[in-house]
Structures are given as structure tokens and as C-alpha cells.
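Spelled out, the chains give:
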Amino acid sequence: MISLAVILGPNQYGKAEVRLVTVKRDGLVHHIKDLTVSTALRGELAATHLTGDNSVVVATDTQKNTVYAFAKESPVGEIEDFALRLARHFVDRFGHITSARVMIDEHGWDRIAVEGKPHEHSFLRSGAEKRTTAVTVQDDRSWVVSGLADLVVLKSAGSEFHGFPRDEYTTLAETDDRILATAVTARWRHQGENAGWGESFREVRRIMLETFATKHSLSLQQTLYSMGEAVLTHRPEVAEVRLSLPNKHHFAVDLSPFGLTNDNEVFYAADRPYGLIEGTVLRDDAEDAGPAWNPH
Ligand SMILES: O=c1[nH]c(=O)c2[nH]c(=O)[nH]c2[nH]1
């Protein structure tokens, strides 16, 4: 048998996707929050892996219960604040836990309109879009990444794609008028802790949407950079933006077999495969990212 030295590498553990819904009652008017919370702890955890000694393992069941108890003890508020409270708790309370990451997705609900008026306690899921956060606390430092996922957008003008190399495998036609559609997943890293998470989120989202709408696009890559650049230009609290943009292709259908022309009016919306355009836009003097991004 060859002698082999085996060591324990980086590890973490926690409860994934704790589903939490809170109802705040303001008389007859109710306010709901719908979150999916994941926790991940790191620390001096060799013993449980090597010998099964669980004396410093904060059970994932306890982590889940802590999420629910914290939701009762004080208002959840902005997801970044809730994530910071939870992550700090695990690091402060348990000496062997040196770092905690809490990730939260927030699912939106709108009020159902009844006779044109928003109902007091009946809601309608507001689409696939999620607001997200990933907070890491280590010692007395913290890193906050805010974001959104599955924000689906489309523009029917102001998008071209041409000038790409052609070889024997290239069939794509050059175009100066195409549909541009994507489902935006964006994550942005804050410099320091910011008091106004809600305002910051709404502004970053607005800036990205306005840039998508108004920037004349020569490629989705150019649009990606412009969206990140606009955020960094207008929001000093943001150090870095990471974007993942699937190119949701819309192909003009060939209607000639039916004796019809197609002047860019009838499209086949393909769901796969899709181009996947991903990139990071950051300030050249951005603070060190520390453990803000995966892997934790
Ligand atoms: O905006 C685009 N970028 C690409 O890299 C690409 N590739 C492709 O086939 N279509 C597109 N569109």
C-alpha cells in the first residue's frame, strides 16, 4: 500500500434554504416578507470530521431555529440587516465559529387589486425576480453583497450584432436590428456597511434597468459593461458589480414557405441553448473583496 497523507481541506456547513414567511399586522393591513435563508459556518471543525466529536458543532437544526426566532424577536427589515444580525450572532455566540455567511433571497409579493384598490391581506407573487444578499462576518469585519436574480427584460429596438469573425462554421447573419432579451442576475459588493440598504437596492436596480433600456447595444457584452459602469458612476457605496446575462435569443421566423414576408415582426423565442455573457465591473481603487465572494 502506498503511504498517503490525507488532510482535511476547507469546509463549511449550515442549513440551506430555510423558508421563512412573516406577517406584520398593522390593524387590518398586513405586510408580508417571504425569504429563503441559507447559513454556512466555518471554524475549528476538524474534530467532527476526523473523530466525530461534535462538541463545537452548532447543529444545522439550531441554525434553522435561530432564523425563525430572530424573525420573531425583532422586525426582519432589510435582508442585508437581517443577514448581518444572524451572521454576527453565530460568530459572537460560539467561540469555535470564526466565520459565518448568511445568504437570503427575497421573493416579492404585490397586493391583489380588488375593485381597483390594493387588498389588505391578499397578495399576488410579483414574478420570478428575487432580491438577494450574501453577508459574511469574520472576526469584527463584515462583507455585504446585494443583488437580484431573474429580472427578465427585453428591448425590441436599439440592438445590433455584427463585425464578428466568420469561419466555415459561422451561419449567424449580421444584424442591425434584433430583439435583445435577458434575465439579469446581478450581485454588487458594498464598500463598508451602508445604512440605507433598501434605497441603495432600488437605485442600483433602477440604474441597471434604465441603462438596459437606453443604451444602444452593439453586443450584450457592451450592455453588461454599461450597466455595471452606470452603477459604479452613480453609487459610491458600490465597489464591484458582477453580472450574468443569458442572451435569450429571438429568431425571426422564415415565413417564405407561406408566401409571407417577415419584416422583423414574428419571432421564435428559443429557450435553449442561450449565449451566457458574464462579467465583472469594478472600481480600480476598490477595497479588497476579502471573503465576500464564493467560495466561502
Ligand atoms: O450580444 C451578443 N454577443 C455574442 O457574443 C453573441 N454571439 C452570438 O451568437 N450572438 C451574440 N450576441
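Remember, it's a predicted structure, so these values are computed and weren't measured experimentally.

**Considering the UniProt feature "active site" (unreviewed entry) in the chain**
At step 1: Residues annotated by UniProt as "active site" (unreviewed entry) correspond here to Lys 15, Thr 60 and His 249. The greatest C-alpha distance among the residues just named is 41.8 Å, and with 235 residues of sequence between them they are spread in space as well.
At step 2: Relative to the helices and strands, Lys 15 is located in the segment before β1 (18-26).
At step 3: Residue classification places Lys 15 among the partly exposed positions, given a relative accessible area of 24%.
At step 4: If sequence neighbours within four positions are ignored, Lys 15 has contacts with Val 37, Ser 38, Thr 39, Thr 60, Asp 61, Gln 63 and Lys 64.
At step 5: For His 249, the position within the fold is in the loop between β7 (238-247) and β8 (250-252).

**Quick look at the packing of helix α4 (residues 197-214) against helix α5 (residues 220-234)**
At step 1: One way to put it is that α4 packs onto α5 with a least axis distance of 9 Å and a crossing angle of 140°. Classified by the angle their axes make, α4 and α5 are oblique. Of the two possible hands of crossing, α4 and α5 adopt the one that is right-handed. For the pair α4 and α5, contact is made by Val 204, Ile 207, Met 208, Thr 211 and Phe 212 and by Thr 223, Ser 226, Met 227, Ala 230, Val 231 and His 234, respectively.
At step 2: Classifying every residue of the contact of α4 with α5 gives seven nonpolar, four polar and no charged.

**Here's the deal with the sheet that holds strand β4 (residues 117-138)**
At step 1: Taken together, eight strands build an open sheet; the order of strands is β1-β2-β3-β4-β5-β6-β7-β10 and the sheet is antiparallel. Strand pairing shows two members of the sheet lacking a second neighbour, β1 and β10 (275-282), which therefore form its edges. Along the sheet, successive strands turn relative to each other by an average axial angle of 20°, direction set aside.
At step 2: This element, helix α3 (residues 79-93), spans β1, β2 (29-43), β3 (97-114), β4 and β5 (141-155) of the sheet and lies at about 45° to β4.
At step 3: Contacting β4, β5, β6 (180-190) and β7, α4 crosses the sheet at an angle of about 35° to β5.

**With respect to the pairing of β1**
At step 1: Relative to β2, β1 is paired through nine bridges, and the arrangement is antiparallel. For Asp 26, the partnering residue across the bridge sits in β2 and is Val 29.

**Here we look at α5**
At step 1: Here α5 spans 21 Å end to end across 15 residues, near enough to the 21 Å set by a 1.5 Å rise per residue.
At step 2: Restricting attention to buried positions, one finds in α5 the residues Leu 220, Thr 223, Leu 224, Ser 226, Met 227, Gly 228, Ala 230, Val 231 and Leu 232.
At step 3: Packed against the buried residues of α5 are β6, α4, β7 and β10.

**Some words on the environment of Pro 118**
At step 1: As for its position among the elements, Pro 118 is in strand β4.
At step 2: On the accessibility criterion, Pro 118 (60% relative accessible area) is exposed.
At step 3: Among residues more than four places away in sequence, those in contact with Pro 118 are Arg 111, Ile 112 and Ala 113.

**Here we look at the side chain of Thr 136**
At step 1: One can find Thr 136 in strand β4.
At step 2: Of note is the side chain of Thr 136, whose polar atom sits 3.0 Å from the side chain of Arg 101.

**A look at the domain arrangement of the chain**
At step 1: In terms of domains, the chain is made up of domain 1 (12-139) and domain 2 (140-296).
At step 2: Counting from both sides, the interface comprises 23 residues of domain 1 and, opposite them, 22 residues of domain 2.
At step 3: In this assembly, domain 1 packs against domain 2 so that about 2,000 Å² is buried in total across both faces, 44% of it on carbon and sulfur atoms.
At step 4: In this assembly, domain 1 and domain 2 are joined by two salt bridges.
At step 5: A salt bridge links Lys 130 to Asp 150; the shortest N-O distance between them is 3.3 Å.
At step 6: Between the two partners, domain 1 and domain 2, sit 13 residue pairs in polar contact (both at pLDDT 80 or more).

Calculation criteria
- Residues numbered from 1 in each chain as written.
- Predicted model: local features only at pLDDT ≥ 70, side-chain atom pairs only at ≥ 80, totals over all residues.
- Heavy atoms only, no water.
- UniProt positions renumbered as here; feature names shortened; annotations may be inferred.
- Helix = DSSP H or I, 4+ residues; strand = E, 2+ residues; numbered from the N terminus.
- Buried < 20%, exposed > 50% of the residue type's maximum accessible area, 1.4 Å probe, protein only.
- Contact = heavy atoms within 4.5 Å.
- Axes fitted to C-alpha atoms, helices over the stretch in contact; angles between N-to-C directions.
- Parallel < 35°, antiparallel > 145°, perpendicular 65-115°, else oblique.
- Left-handed = near helix turned anticlockwise from the far one by under 90°.
- Nonpolar A, V, L, I, M, F, W, Y, C, P; charged D, E, K, R; others polar.
- Pairing = 2+ DSSP bridges.
- Expected span 1.5 Å × (residues − 1).
- Polar contact = N/O pair within 3.5 Å; in protein donor to acceptor, adjacent residues only side chain to side chain.
- Domains from an automatic or database assignment.
- Buried area = accessible area lost by both parts, 1.4 Å probe.
- Salt bridge = Lys/Arg side-chain N within 4 Å of Asp/Glu carboxyl O.

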